[in-house]
Amino acid sequence: MDAVPAGPRPYVLLSCATSIDGYIDDATGQRLLLSNADDLARVDAVRAGCDAILVGAGTVRRDDPRLVIRSERLRRARMDRGLPPSPVKVTLTGRGDLDPSARFFTVGDADRIVYCASPAVAKTSEVLDGLATVVDAGDPLDPARALADLAGRGVDRLMVEGGGSVHAQFLTAGLADELHLVVAPFFVGDPRAPRFVRDGPFPWHPGRRARVVEARQIGDVVLVRYALSERCPDA
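Let us look at the structure shown here.

**Some points on the pairing of strand E4 (residues 112–116)**
Most of E4 is tucked away, with five of its five residues classed as buried. With burial as the criterion, each face of E4 is covered, one bearing Arg 112, Val 114 and Cys 116 and the other bearing Ile 113 and Tyr 115. Note that strand E3 (residues 88–93) and E4 share five bridges and pair parallel. Bridged to Leu 92 within E4 is Tyr 115. In the classification by handedness, the crossover that spans E4, the intervening helix H5 (residues 121–128) and the parallel strand E5 (residues 133–136) is right-handed.

**Some words on the sheet that holds strand E7 (residues 178–183)**
Overall, mixed pairing links the nine strands, which are arranged E5-E4-E3-E2-E6-E1-E7-E9-E8 in an open sheet. Taken across any chain shown, the strands that pair with only one partner, and hence form the sheet edges, are E5 and strand E8 (211–218). Each strand axis lies, on average, 20° off the axis of its neighbour in the sheet, ignoring direction. The strands touched by H5 are E4 and E5; relative to E5, the strand with the most contacts, the crossing angle is about 180°. Contacting strand E1 (11–18), E3, E4, E5 and strand E6 (157–160), helix H6 (residues 143–152) crosses the sheet at an angle of about 150° to E4.

**Examining the nonpolar core**
The nonpolar side chains of soluble globular proteins are, as a tendency, buried together. Residues Tyr 115, Leu 158 and Phe 170 are the most contacted members of the largest nonpolar core, which totals 31 residues. Elements that contribute at least two residues to this core include exactly E1, strand E2 (52–56), E3, E4, H6, E6, helix H7 (164–172) and E7. Sequence-distant contacts of Leu 158, that is, excluding residues within four places in its chain, are made with Pro 10, Tyr 11, Val 12, Leu 13, Ala 52, Ile 53, Leu 54, Leu 147 and Leu 150. Formed by 15 residues, the second largest nonpolar core is a distinct cluster that contains Ile 53, Leu 67, Phe 105 and Val 121.

**Regarding the environment of Val 197**
Inspection of the secondary structure puts Val 197 in the loop between E7 and E8. Residue class for Val 197 comes out partly exposed when judged on its relative accessible area of 22%. For the pair Val 197 and Asp 64, spaced 133 residues apart in sequence, the C-alpha separation works out to 20 Å.

**Describing H7**
Within H7, burial applies to Gly 164, Val 166, His 167, Ala 168, Phe 170 and Leu 171. Each element contacted by the buried residues of H7 is listed here: E1, E2, E3, H6 and E6. Positive backbone phi, at 70°, marks Gly 174, one or two positions downstream of H7.

**A word on the layout of surface pockets**
Taken as a whole, the largest pocket spans an internal volume of roughly 790 Å³. Within the residue set of the lining of the largest pocket, elements represented by two or more residues are E1, helix H1 (37–48) and helix H2 (57–63). It is H1 that contributes the most residues to the lining of the largest pocket, six residues altogether. A per-class count over the lining of the largest pocket returns 13 nonpolar, six polar and 13 charged. There is about 390 Å³ of room inside the second largest pocket. The biggest single contributor to the lining of the second largest pocket is H2, with five residues. Tallied by class, the residues present in the lining of the second largest pocket amount to six nonpolar, nine polar and six charged.

**Description of H1**
Taking 1.5 Å of rise per residue, the twelve residues of H1 would be expected to cover 16 Å, and the 17 Å separating its terminal C-alpha atoms lies within 8% of that figure. The N-cap of H1, judged by a side-chain oxygen 3.3 Å from the amide nitrogen of Asp 38 a few residues on, is Asn 36.

Rules behind the numbers
- Residues numbered from 1 in each chain as written.
- Predicted model: local features only at pLDDT ≥ 70, side-chain atom pairs only at ≥ 80, totals over all residues.
- Heavy atoms only, no water.
- Buried < 20%, exposed > 50% of the residue type's maximum accessible area, 1.4 Å probe, protein only.
- Helix = DSSP H or I, 4+ residues; strand = E, 2+ residues; numbered from the N terminus.
- Pairing = 2+ DSSP bridges.
- Right-handed = clockwise from strand over helix to strand, strands pointing away.
- Axes fitted to C-alpha atoms, helices over the stretch in contact; angles between N-to-C directions.
- Contact = heavy atoms within 4.5 Å.
- Core = buried A, V, L, I, M, F, W, Y, C linked by side-chain atoms within 4.5 Å.
- 1 Å grid on protein atoms, 1.4 Å probe; cavity = no way out; pocket = protein on both sides within 12 Å on 5 of 7 lines; lining within 4 Å.
- Points joined across faces, edges and corners; volume = space filled by probe spheres on them.
- Nonpolar A, V, L, I, M, F, W, Y, C, P; charged D, E, K, R; others polar.
- Expected span 1.5 Å × (residues − 1).
- Polar contact = N/O pair within 3.5 Å; in protein donor to acceptor, adjacent residues only side chain to side chain.

This is the structure in structure tokens:
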């Protein structure tokens, strides 16, 4: 287990694709495809420009993501800059319920970091058995402590890819600098399905609107980039 140092946090970019009515999946048990090939290529390029990619443990369990750069050209470009082919993989867990056979741990050569709530650290370290660096991030788990630790490890730019509870944690805590929101051209309409974010006291409201820095059609989806802090440059 590593200690968490104090320090500045990385630039935090949130990325999410939703239906028109704000759902990130349906309730069928099969992953819902919200994006398209061109937008997935864009996401791959955004990932390639980051030092680390973070998802919640629920996303690791539900979607079994690889979190690696798909494009050989982008992997080579990173290596030409002296970087590993794919960014560091990061997850957050309150209970340590992670499967060591998940692709998060078995695919690719990137470093893996698991930030745990204090009571789950011993269990998680035992279950993962060296597959990842396990870090105590407080009780309850504090995303700000995780960010401080990532900054101490040289992570300057972090991409957060969900799920809804993780996005809500970063947004309500004011820990996000930029949001990439992709809207697919259909509805889900099922209250059992997960939404983009859960309820909470968000810093952006009718009296304090987020700033739009880009809106772009990509095939049949629309990308909207929002500036959520002064650190976000204009398009």
